[in-house]
Amino acid sequence: MAQAVEKPRIQTSALPEETAVYNPSAKKNVAQAKKNVAQTKEKPAKEQGKARVSEKCKKDKKAVPVSDGRYMALKTNIAYDAIGVLNLDYEVQVHSRMTVDIPVMWSLWDAKPDKALRIAAIQPELRWWMGQETGKGHFFGLHAHVGWYNLKWDDRRYQDTGRPLVGAGLSYGYKLPLSEHWGAEFTVGFGYANMKYDTYYNIDNGAQIDTRIRHYWGPTKVGASLVYRF
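Anyway, here's the lowdown on the structure attached to this text. Numbering of residues starts from 1 in each chain and follows the order in which that chain's sequence is written. Two thresholds apply to this predicted model, a pLDDT of at least 70 for residue-level local features and 80 or more for giving and counting side-chain atom pairs, whereas whole-chain, interface and lining totals are computed over all residues. Hydrogens and water are ignored here; the side-chain numbers use all heavy atoms of the structure.

### Observations concerning the overall build of the protein chain
What counts, and what does not: Runs of E in the DSSP output that reach at least two residues are strands. Runs of H or I that reach at least four are helices, and both are numbered from the N terminus. Whether a residue is buried, partly exposed or exposed follows from its accessible area with a 1.4 Å probe, protein chains only, as a fraction of its type maximum: under 20%, in between, or over 50%, in that order. By definition in these notes, contact holds between two residues if any of their heavy atoms fall within 4.5 Å. Computed with a 1.4 Å probe, the accessible areas rest on the Shrake-Rupley method; for each residue, only the protein chains presented here act as cover.
A tally of regular secondary structure across the protein chain gives three helices and ten strands. From first element to last, N terminus to C terminus, the protein chain shows the α and β order α-α-β-α-β-β-β-β-β-β-β-β-β. Across the 230 residues of the protein chain, 28% fall into the buried class. A fraction of 54% describes how many contacts in the protein chain between residues 6 or more apart in sequence connect residues 24 or more apart. Carbon and sulfur atoms form 61% of the exposed surface of the protein chain, whose accessible area is close to 16,200 Å².

As C-alpha cells, this is what we get:
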C-alpha cells in the first residue's frame, strides 16, 4: 500500500510579526485613516470658511487697511529753522496709502529791532502716497493752516487782531529714504489764506495806522525736512 506524501515544511527564523502574513497593526492603521476622513467631513462649514478667509488675508496684505507696522515719522523743516521759525512735525499712517501730517511752528523772539517774525501756527495735512510703499516716493496733500503772528518790517509792524490767520491749500512732495530710519522730504504748496490785522508804526509803543482784511492767494508751504522714521 502506497504511503501519502507529506507536504514539505518550511522553516524560518523570522518572528511572526516580521512576516507579511502577520501584521495586526495594519487593521488599526486603516481604522484610524477612516476616522480621520470622517472627522474632516464633519468639520463645520463656518470654520472652513474662516480658514479660507485667513489664508486669503495672508496672501493679500492689502486686504487690511492699516497693518501693525504702520508708517510713523518725526521731522523738522530745515527751511523754516534757517529763518528762525522752529518747528516739529509728526506723521502717522491712517490707511494703506494715506497719512496725516501735523507740523507745529513757533518763533517767539526778534531777529533784529526792525525786522522780526513772531508766530505760533499749525498746518495739518492729509497725504496720498503714489507708490507701493507708504512714506516713500511721491505724494499729494491737502492742508489747512491756522496761525497767530506779529511781523516787524522796516517802518511798519503787522499784528493779528486776535482772530488767527486761516486757510487751506494743495501740496506736492517727495520723500527720499537715506537709510532704514533716516530720510529727506521736499514739499511745496499753494493755496488761500484769510487774515485780519492791525498796522502800527514800527517803534516802541508805535501808534496804530489802520486795520485791514486781506485775502491771500499764493505759496502756503515750502519744506526741506529731515525725517526720522520709527
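### Some points on the nonpolar core
The condition is simple: Residue types Ala, Val, Leu, Ile, Met, Phe, Trp, Tyr and Cys, when buried and joined through side-chain atoms within 4.5 Å, form a set referred to as a nonpolar core.
Counting residues in hydrophobic clusters, the biggest one holds five residues: Tyr149, Leu165, Ala193, Met195 and Tyr197. Here Tyr197 is in contact with Tyr149, Tyr158, Gln159, Asp160, Thr161, Asp210, Thr211, Arg212 and Arg214, once residues within four sequence places are set aside.

### Comments concerning empty space enclosed by the protein
Counted only if it meets this: Any residue with an atom within 4 Å of a point lines the site, the site being either a cavity, points on a 1 Å grid over the protein atoms alone where a 1.4 Å probe fits but cannot get out, or a pocket, an open set with protein on both sides within 12 Å along at least 5 of 7 lines. Grid points are joined across faces, edges and corners, and a volume is the space filled by probe spheres set on the points. Three categories are distinguished: nonpolar for Ala, Val, Leu, Ile, Met, Phe, Trp, Tyr, Cys and Pro, charged for Asp, Glu, Lys and Arg, and polar for the others, with Gly belonging to the last.
Per the counting criterion, the structure on display carries one cavity of 30 Å³ or more. Every residue lining the largest cavity is counted, 17 residues in all, and those nearest its centre are Asn77, Asp89, Pro103, Lys221 and Ser225. Mapped onto the lining of the largest cavity, the elements with two or more residues apiece are β1 (72-77), β2 (86-93), β3 (98-107), β9 (182-201) and β10 (208-229). When residues of the lining of the largest cavity are assigned to their parent elements, the largest contribution, four residues, is made by β10. Among the residues forming the lining of the largest cavity, the class breakdown is four nonpolar, seven polar and six charged.

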